[in-house]
Amino acid sequence: MTLRLLEPRWRERIAVHRDLRRAPPRRVDPGQLNQVFMNLPRHACDAIAGTGNIWVMSAPRATR
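Since the model is a prediction, treat every value here as computed from it, not as a measurement.

Two strands pair when backbone bridges link them, and strand 1 (residues 14–19) and strand 2 (residues 52–57) are joined in this way by six bridges, in the parallel orientation. In the sheet register, H17 faces strand 2, and the bridge partner there is W55. On the question of chirality, the crossover connecting strand 1 to the parallel strand 2 by way of helix 2 (residues 30–47) is left-handed.

Next up, the structure:
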């Protein structure tokens, strides 16, 4: 949902790649977590002057 809200910031300029996996359960403050999920992609978009890529992953990839 957050990525859809922010889409106008990057449409036709930045490719957003998603690798969303089930992460282990954690105790979190939902309000603070929502703020993080809103701010990270927003600041990443602002940091890219021209075209670029953003990767969003919910769990680390397995290493070989």
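In this section: the environment of T51. Relative to the assigned elements, T51 resides in the loop between helix 2 and strand 2. Between the C-alpha atom of T51 and that of P8, which follows or precedes it by 43 residues, the distance is 14 Å.

Taken together, the side chains of V28, L33, V36, F37 and L40 present a nonpolar region at the surface, about 450 Å² in accessible area. With respect to the helices and strands, the residue L33 is situated in helix 2. Classification of L33 as partly exposed rests on a relative accessible area of 33%.

On to the side chain of D19. Mapped onto the secondary structure, D19 falls in strand 1. A distance of 3.1 Å separates polar atoms of two side chains, one belonging to D19 and the other to R21.

So, how was this worked out
Residues numbered from 1 in each chain as written. Predicted model: local features only at pLDDT ≥ 70, side-chain atom pairs only at ≥ 80, totals over all residues. Heavy atoms only, no water. Pairing = 2+ DSSP bridges. Helix = DSSP H or I, 4+ residues; strand = E, 2+ residues; numbered from the N terminus. Right-handed = clockwise from strand over helix to strand, strands pointing away. Patch = residues over 30% accessible without salt bridge, like charges linked within 9 Å, V, L, I, M, F, W, Y side chains within 5 Å. Areas by Shrake-Rupley, 256 points an atom, 1.4 Å probe, with all protein chains shown as cover. Salt bridge = Lys/Arg side-chain N within 4 Å of Asp/Glu carboxyl O. Buried < 20%, exposed > 50% of the residue type's maximum accessible area, 1.4 Å probe, protein only. Polar contact = N/O pair within 3.5 Å; in protein donor to acceptor, adjacent residues only side chain to side chain.

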